[in-house]
Amino acid sequence: MSTNRPLAVVTGGRRGIGAGIAIELASRGFDIALTDIEGSVAEETLAAIGGHGAAGKLFHSDVGNVEEHTSVVERIVEWHGPISCLVNNAGIPSPSRGDLLDVTPASFDRVMGVNLRGTFFFTQAVARHMSGIKATDPRSIVTVSSVSVEMASIERAEYCVSKSGLGMLTKLFALRLASLGIGVFEVRPGIIRTPMTEGVASKYEQRIADGLVPMERWGYAEDVARAVSALACGQIAFSTGSVIHVDGALSIPRL
């Protein structure tokens, strides 16, 4: 398959923030390759993508399985053609919230293996593909990290450490790919209403009511998606390595 529409790859794209990003990019003229470890509810996301006249396909993939990254990229390119945009969205939370002093090596390695190691090497695989293709259209790599890059939550240490590494990942790939005209960006969501946050929704409802978020509301997948789409479409073409906060001013230090 090949179309005149550019292709965006969204990891962890079957639901939540990833699905919101995929649907928004489809509305902005991209065809979409979703990667995800599961297939449940992906049909709904693919239908929404198709509703915008875009082609979409799910590729089963565990971003933590580094050995399969090259073959996943090859399958995606064989299906559609060159990749114009990669959105690194796939990630997992800490297996449990608890005392920093009780974090186990197994838990730490699992979260780091997906959120940081997996994202690094999948980005590398896509960047190698992009670097071998001459293109005139905007190309980008956008990593969805978290305000936890800078804001410490001692009850979910593995997650915070993994996300902090994505800030440096963005800088490194931005420098490496700048001469090729490939923009590399990081989007840091705050408290976003998704399936991942359902288990702590009541806690955050109260904290938002108590003033945690200056904008006084939850964020939604659509908020993140609009920021990602602006970056993916090349609307700030002389920027790379930049960070966009989508957090309702949560991360601004206050007295």
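Our subject in this report is the structure included herewith. (Residues numbered from 1 in each chain as written. Predicted model: local features only at pLDDT ≥ 70, side-chain atom pairs only at ≥ 80, totals over all residues. Heavy atoms only, no water.)

**So, the overall build of the protein**
Looking only at helices and strands, the protein features 7 helices and 7 strands. For the protein, the residues scored as buried account for 50% of the 255 residues in total. Contacts spanning at least 24 positions in sequence make up 73% of the contacts within the protein whose residues lie at least 6 apart. For the protein, the exposed surface amounts to about 12,100 Å²; the carbon and sulfur share of it is 55%. (Helix = DSSP H or I, 4+ residues; strand = E, 2+ residues; numbered from the N terminus. Buried < 20%, exposed > 50% of the residue type's maximum accessible area, 1.4 Å probe, protein only. Contact = heavy atoms within 4.5 Å. Areas by Shrake-Rupley, 256 points an atom, 1.4 Å probe, with all protein chains shown as cover.)

**Description of the sheet that holds strand 6 (residues 182–189)**
Taken in spatial order, the 7 strands make up an open sheet running 3-2-1-4-5-6-7, and their pairing is parallel. Looking along the sheet, the strands with just one partner apiece sit at the ends: strand 3 (56–60) and strand 7 (243–246). Strand-to-strand, the axes of this sheet are offset by a mean angle of 20°, without reference to chain direction. Pairing between strand 1 (residues 7–11) and strand 4 (residues 83–88): 4 bridges, direction parallel. Bridging across to strand 4, leucine 7 finds its partner in isoleucine 83. The sheet contacts of helix 1 (residues 16–27) involve strand 1, strand 2 (31–36), strand 4 and strand 5 (139–144), and relative to strand 1 the element is tilted by about 170°. (Pairing = 2+ DSSP bridges. Axes fitted to C-alpha atoms, helices over the stretch in contact; angles between N-to-C directions.)

**Concerning the packing of aromatic side chains**
Within this structure, the stated rule accounts for 4 aromatic pairs. Here the aromatic rings of phenylalanine 120 and phenylalanine 121 are separated by 5.0 Å at their centres, their planes lie at 75°, and the arrangement is edge-to-face. Classification of phenylalanine 120 as partly exposed rests on a relative accessible area of 29%. By the ring-pair criterion, three or more aromatic residues cluster together here, those being Phe120, Phe121 and Phe173. Here arginine 193 stacks its cationic end above the ring of tryptophan 218, 4.7 Å away from the centre of that ring. Lying across the ring of tyrosine 204, lysine 203 places its NZ or CZ 5.5 Å from the centre. (Phe/Tyr/Trp six-rings, centres within 6.5 Å; stacked < 30°, edge-to-face > 60°. Lys NZ or Arg CZ within 6 Å of the ring centre and 35° of its normal.)

**Digging into the packing of helix 4 (residues 105–131) against helix 5 (residues 157–177)**
The geometry of helix 4 relative to helix 5 is characterised by a closest axis approach of 9 Å and an angle of 15° between their N-to-C directions. Accordingly, the angle class assigned to the pair helix 4 and helix 5 is roughly parallel. With respect to the hand of their crossing, helix 4 and helix 5 are arranged in right-handed fashion. Listed contacts from helix 5 to Ser107, Phe108, Val111, Met112, Asn115, Leu116, Thr119, Phe120, Thr123, Gln124 and Ala127 of helix 4 are Glu158, Tyr159, Val161, Ser162, Lys163, Gly165, Leu166, Leu169, Phe173 and Leu177. When grouped by side-chain class, the residues that make up the contact of helix 4 with helix 5 number 12 nonpolar, 7 polar and 2 charged. (Parallel < 35°, antiparallel > 145°, perpendicular 65-115°, else oblique. Left-handed = near helix turned anticlockwise from the far one by under 90°. Nonpolar A, V, L, I, M, F, W, Y, C, P; charged D, E, K, R; others polar.)

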